[in-house]
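What follows is the residue order along each chain.
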Amino acid sequence: SLVAVLNGPNLNMLGLRQPHLYGAATLDDVEQLCAETAESLGLAIDFRQTNGEGELVNWVQECRGRAAGIIINAAAYTHTSVALLDALLATELPVIEVHLTNIHAREAFRHHSYVSKAARGVICGFGPRSYALALIAMADLLEDTR
Ligand code: DQA
């Protein structure tokens, strides 16, 4: 099955961006980890990043009929975007929300997530491993629906 792994704004800056919070790994490193993990689970991935809210909405819409599930780190749009939530609800695909950091241990404005309302589950706080754990969870979900 094909799983879309979608990344939102500023995640292209991983490795350079507040490394005390987000670590030294780059987005390429995260993609590499996802590719290896997916391969071991028998999944294929389409890994993407954009800084644009509209582009993220377009990509979510395009997943319908194309992907079996969506893993999404919507970054700051997690906390702001009703448009993204509506797009995720419309896909009717299993969605897993991921974050590198534990958003609940950070500023209050990061505690609320619109994405969570469309998600089967949320994995946050494990750095790049959050993505690998999400792929394992997605493989389980897709096996259950087979
Ligand atoms: C993030 C957490 C968000 O609050 C923040 O805006 C990000 C990254 C994370 O992966 O920890 O850009 O989604």
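Sequence order sets the numbering: in each chain, residues are counted from 1 along the sequence as written. With pLDDT at 70 or above as the cut-off, local features in this predicted model cover only qualifying residues; side-chain atom pairs require 80 or more to be listed or tallied, and sums for whole chains, interfaces and linings still use all residues.

Caption draft 1: Representation of the nonpolar core in the model. Judged by nonpolar contacts, the single largest core of 40 residues is most densely connected at Val3, Ile71, Leu84 and Leu135. Counting from the N terminus, the helices are DSSP H or I runs at least four residues long and the strands are E runs at least two residues long. Every element with two or more residues in this core is listed here: β1 (2-7), α2 (27-41), α3 (53-63), β3 (69-73), α4 (82-91), β4 (95-99), β5 (121-124) and α5 (129-144). Tallying contributions element by element places α5 first for this core, with 5 residues. In contact with Leu135, other than residues within four places in its own chain, are Val3, Cys34, Thr37, Ala38, Leu41, Leu43 and Ile71. Nonpolar cores are built from buried Ala, Val, Leu, Ile, Met, Phe, Trp, Tyr and Cys residues. These are joined into a set through C-beta atoms within 7 Å. Exposure is read from a count of other C-beta atoms within 10 Å of each residue's own; the residue is exposed at 12 or fewer, buried at 20 or more and partly exposed in between. C-beta atoms are placed from the backbone. The contact criterion used here is simple: two residues whose C-beta atoms, placed from the backbone, lie within 7 Å are in contact.

Caption draft 2: Representation of the pairing of β1. Summarising burial for β1: 5 of the 6 residues are buried, a large majority. Relative to strand β2 (residues 44-49), β1 is paired through 6 bridges, and the arrangement is parallel. What sits directly across from Ala4, in β2, is Asp46. Direction of pairing for β1 relative to β3: parallel, over a ladder of 5 bridges. Among the inter-strand pairings, Leu6 is bridged to a residue of β3, identified as Ile72. Pairing between strands requires that DSSP locate at least two bridges from one strand to the other.

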